[in-house]
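# Structural overview
One-letter residues, chain by chain:
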Amino acid sequence: MKRLQILFFLVLMSLQLPAQYREISGVVVDAHYSTPVPYAAVFVEHTQVGVVAGNLGEFTLHIPDSLSNKRLVSVGEGYRLTYISPENLVELPLRIALTPQENEKGLLSPSDGAARERGKAALLLDKAARFVMSDWIPLGNPQSNKFDFGRVQTLPTYNPIEGVRLRAGVASNARLNPHLFVRGYMAYGFKDQQLKYRGEAIWSLNRRVYHEDEFLKNNLRLVYEKDLFSPGEMHPRALNDLLLITYRRSLNEATYRNFAEISHEREHKNGLAHTLWLRRSRLVPQGELLFRRSNESRVDLFDELITSEAGLMFRYSFEEAYIQQKRKRIPVDTSSPVLFLSHSIGYTNLPEGEEAYHRTEFSAQKRFYLGSTGRLDAVGEFSKVWNAVPFPLLVYPNQRFRHHIENNAFFLNRALEFVADEQYTVRTTFVGDELLLSRIPLMAAFRAKELISLRATYGRLSDKNDPLLSSYPLFDIPEKSFRYGSVPYVEGTVGLTNLLGLLRIEYVHRFTYRDHPDALLGRVRVDVTL
């Protein structure tokens with residue numbers, strides 16, 4: 001009898017009309033910048049019916065008819081609650097604009113949020129830090145301007161080659177054209193008395209809200225640049241855009257580089273990105289650096305090195321998402337691993353003719369959060385040049401792909417001190433959170449955090465890239481450049497970071513190869529990290 005009752009109940013349930021749902025789809029955006037808010041929550045008020053938007057703020061929500069008279073609620077990290085009345089759910093897709101929470105605390109406010117009256121000096125430091133962090137200044141009315149002036153951080157800098165360097169640039173925004181963007185800068189060094197410049201034209205295949213590098217990128221880019229370039233301190237495709245380069249070690253080891261490049265960069269929702277480029281470069285030695293070739297009978301000097309190159313780079317970042325602002329995009333999940341793989345094919349143009357070369361690079365980066373203790377950044381890199389090339393095209397410790405991991409470059413080695421065509425590098429950085437400094441009121445007020453880092457690199461130079469052994473007509477390797485010995489080059493640091501949200505102060509110590517000529521055994525380093 002009981003079985004019959006259960007069967008009768010199931011039959012009745014199967015005859016019930018299915019519940020009716022209404023599908024609501026749309027996107028959650030920042031009310032100020034009109035850019036997507038990733039991983040925002042959208043739910044029916046006072047219920048558990050809801051959904052989390054994707055990394056582009058897109059969502060689809062199924063609402064039972066029984067809840068059709070209730071409001072929708074949306075919220076994202078750093079944003080206020082936003083309510084949407086049922087009568088506003090008529091036009092789809094729905095566009096939900098979230099208002100950012102007001103941050104009343106200054107950069108020098110106590111970390112625990114306790115109220116205290118700040119003095120004039122603190123207010124002045126607040127304003128200065130915010131001015132530097134703003135980066136770009138609107139040219140005209142901020143609500144309607146079509147060009148921005150910047151970057152603010154790189155207006156005045158100093159390095160041993162150029163002395164005081166002044167730089168000014170402009171960049172268009174989407175108010176001029178949502179697909180076509182132009183930008184560029186001019187710079188002048190008072191010591192080398194050289195004018196430098198860069199110009200770019202970018203066509204975005206996606207319609208942009210404000211700037212061309214909003215997530216997801218899908219850009220065709222044409223670039224022409226003439227600027228200072230250090231083969232040992234910058235990646236071959238790096239922009240000369242460093243904020244504080246006072247301690248650059250490339251004195252008499254740099255070149256002037258001008259190049260033309262066309263590239264296509266595209267990012268996908270699944271975290272995959274690729275960059276395809278074609279480039280032609282001209283390197284001119286600077287200072288005491290020479291492009292020289294010696295043999296038994298004579299010494300030949302070369303005024304330049306011309307190369308042509310095609311390359312493809314893949315980047316994969318798990319669960320990649322950004323909070324996008326005017327000319328910034330702030331990563332949402334910095335703990336996701338980031339992988340880089342690139343390969344380029346090039347030709348060097350020498351009097352003997354063109355010679356081909358191949359270069360392969362791989363990098364893996366990961367940030368580990370250690371609870372309230374802090375975080376640990378780890379980066380592993382591999383680089384290899386497969387053919388015989390002039391020494392500016394070999395691999396050096398600071399040539400690296402940068403992503404969200406905090407800048408952790410080698411500091412005490414000279415730019416071209418270690419020369420190799422195959423290289424392995426490991427970099428680790430620990431940044432404290434709720435440790436000793438957070439318990440010292442003055443340090444907490446300046447937002448200082450503990451910093452410990454260790455980095456090591458090791459490589460080898462094959463016979464084909466040794467001018468004394470190679471059958472290829474190579475440039476002489478600079479006199480103060482060395483092969484790696486039996487141990488890696490290692491240096492480490494202890495210090496403070498995040499001062500005012502900007503400064504990093506550390507003592508750097510060299511553990512190996514301390515007997516090299518003019519080796520720096522230890523120094524205090526000041527840098528700016530944004």
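Residues numbered from 1 in each chain as written. Predicted model: local features only at pLDDT ≥ 70, side-chain atom pairs only at ≥ 80, totals over all residues. Heavy atoms only, no water.

Here we come to the overall build of the protein. Check the secondary structure of the protein and you find three helices and 29 strands. Out of the 530 residues belonging to the protein, those deemed buried represent 49%. Sequence separation of at least 24 residues holds for 62% of the intrachain contacts in the protein that already meet a minimum separation of 6. Approximately 26400 Å² of the protein is accessible, and the part contributed by carbon and sulfur atoms is 59%. (Helix = DSSP H or I, 4+ residues; strand = E, 2+ residues; numbered from the N terminus. Buried < 20%, exposed > 50% of the residue type's maximum accessible area, 1.4 Å probe, protein only. Contact = heavy atoms within 4.5 Å. Areas by Shrake-Rupley, 256 points an atom, 1.4 Å probe, with all protein chains shown as cover.)

Our next topic: a nonpolar patch on the surface. Together, Tyr158, Val164, Leu166, Met186, Tyr188, Phe190 and Leu195 give the surface a local cluster of nonpolar side chains, amounting to about 650 Å² of exposed area. Where the nonpolar patch is concerned, the elements lending two or more residues are strand 11 (163-172) and strand 12 (180-189). Here Val164 lies in strand 11. (Patch = residues over 30% accessible without salt bridge, like charges linked within 9 Å, V, L, I, M, F, W, Y side chains within 5 Å. Salt bridge = Lys/Arg side-chain N within 4 Å of Asp/Glu carboxyl O.)

The sheet built from three strands is open, its strands ordered 4-1-7 with mixed pairing. Edge positions in the open sheet fall to strand 4 (58-64) and strand 7 (94-98), since each of these has one partner strand only. Going across the sheet, the axis of each strand differs from the next one's by a mean of 35°, ignoring polarity. As paired strands, strand 1 (residues 21-30) and strand 4 are joined by seven bridges and run antiparallel to one another. Bridge assignment links Ile24 to a residue of strand 4, and that residue is Leu61. (Pairing = 2+ DSSP bridges. Axes fitted to C-alpha atoms, helices over the stretch in contact; angles between N-to-C directions.)

Attention now moves to the packing of aromatic side chains. What describes a pair of aromatic rings is the distance from one ring centre to the other and the angle between the planes of the rings. Going through the model one piece at a time under the given rule, you end up with 14 aromatic pairs. Judged by centre distance (5.3 Å) and plane angle (90°), the rings of Tyr188 and Phe190 are edge-to-face. On the basis of relative accessible area, Phe190 is assigned to the partly exposed category, the value being 48%. An aromatic cluster of three or more residues is present, and its members are Phe410, Phe418, Tyr458, Tyr484, Tyr489 and Tyr513. A cation over a ring is seen here: Arg237 above Trp277, with NZ or CZ 4.2 Å from the ring centre. Here Arg329 stacks its cationic end above the ring of Tyr322, 4.2 Å away from the centre of that ring. (Phe/Tyr/Trp six-rings, centres within 6.5 Å; stacked < 30°, edge-to-face > 60°. Lys NZ or Arg CZ within 6 Å of the ring centre and 35° of its normal.)

What follows deals with the environment of Asn177. Tracing the sequence through the fold places Asn177 in the loop between strand 11 and strand 12. The spatial distance from the C-alpha of Asn177 to the C-alpha of His211 is 10.0 Å, given a sequence separation of 34 residues. Reaching out from Asn177, the side chain makes a polar contact with the backbone nitrogen of Leu180 at a distance of 3.0 Å. (Polar contact = N/O pair within 3.5 Å; in protein donor to acceptor, adjacent residues only side chain to side chain.)

The subject of this paragraph is the nonpolar core. Membership of the largest hydrophobic core comes to 35 residues, with the highest contact counts inside it found for Phe291, Leu305, Phe391, Leu394, Phe475 and Tyr489. In this structure, Tyr489 is in contact with Phe410, Leu412, Asn413, Phe418, Arg455, Ala456, Thr457, Tyr484, Arg510, Thr512 and Tyr513, ignoring residues within four places of it in sequence. (Core = buried A, V, L, I, M, F, W, Y, C linked by side-chain atoms within 4.5 Å.)

Let's shift gears to the pattern of salt bridges. Inspection of the entire model under this criterion finds 39 salt bridges. Glu58 is the salt-bridge partner of Lys269, the closest N and O atoms lying 3.1 Å from each other. Here the residue Lys269 occupies a position in the loop between strand 15 (255-267) and strand 16 (272-285), and Glu58 occupies one in strand 4, the gap between them amounting to 211 residues. You can call Glu58 partly exposed: its relative accessible area is 41%. When salt bridges with common partners are traced through the structure, they connect Arg198, Glu200, Asp213, Lys217, Arg221, Glu225, Arg257 and Glu265 into a single cluster.

Taken together, the four strands give an open sheet; going across it, the order is 3-2-5-6, and neighbouring strands pair in antiparallel fashion. Across the chains shown, the open sheet's two edge strands, defined by having one partner strand only, are strand 3 (50-52) and strand 6 (82-84). Going from strand to strand, the sheet's axes swing by 15° on average, the running direction of each strand aside. Pairing of strand 2 (residues 41-44) with strand 3, which is carried by three bridges, proceeds in the antiparallel orientation.

We now examine the side chain of Asn465. Structurally, Asn465 can be placed in the loop between strand 26 (449-460) and strand 27 (489-499). A distance of 3.1 Å separates a polar side-chain atom of Asn465 from the backbone oxygen of Asn387. Apart from residues no more than four positions distant in its own chain, Asn465 is found in contact with Asn387, Ala388, Val389, Leu394, Asp421, Ser470, Leu474 and Ile477.

Turning to the confidence of the model for the protein, a few remarks are in order. In the predicted model, the protein carries a mean pLDDT of 86, and the fraction of residues at 70 or more is 88%. Here residues 4-17 scores under 50 on pLDDT; set against residues more than four positions off or in separate chains, the count is zero contacts. (pLDDT = per-residue confidence, 0-100.)

Another point: the pairing of strand 18 (residues 299-302). Only one face of strand 18 is buried: it carries Asp300 and Phe302, and the other face, with Val299 and Leu301, is open. Following strand 17 (residues 291-294), the chain reverses through four residues before pairing antiparallel with strand 18.

All right, on to the environment of Glu319 then. Its place among the elements puts Glu319 in the loop between strand 19 (305-317) and strand 20 (322-324). You can call Glu319 exposed: its relative accessible area is 55%. Not counting residues up to four positions away in its chain, the partners in contact with Glu319 are Tyr39, Asp333 and Ser336.

With that settled, the discussion passes to the side chain of Arg208. Note on placement: Arg208 falls in the loop between strand 13 (194-204) and strand 14 (218-229). Looking at Arg208, its side chain comes within polar contact range of the main-chain oxygen of Glu214, at 2.6 Å. In contact with Arg208, other than residues within four places in its own chain, are Ala174, Pro178, Phe181, Glu214, Phe215, Leu216 and Lys217.

The subject of this paragraph is unusual backbone geometry. Between Leu92 and the following residue, Pro93, the backbone shows a cis peptide bond with an omega angle of 0°. When you line up the elements, Pro93 lands in the loop between strand 6 and strand 7. Non-glycine residue Tyr513 carries a positive phi angle of around 55°. Tracing the backbone through its elements, the reader meets Tyr513 in the loop between strand 28 (503-510) and strand 29 (522-528).

Turning next to the pairing of strand 25 (residues 422-432). Buried residues dominate strand 25, accounting for eight of its 11 residues. Two strands pair when backbone bridges link them, and strand 24 (residues 374-385) and strand 25 are joined in this way by 11 bridges, in the antiparallel orientation. Directly across from Asp377, in strand 25, lies its bridge partner Thr429. Across 10 bridges, the pairing between strand 25 and strand 26 is antiparallel. Looking at the pairing, Tyr424 lines up with Tyr458 of strand 26.

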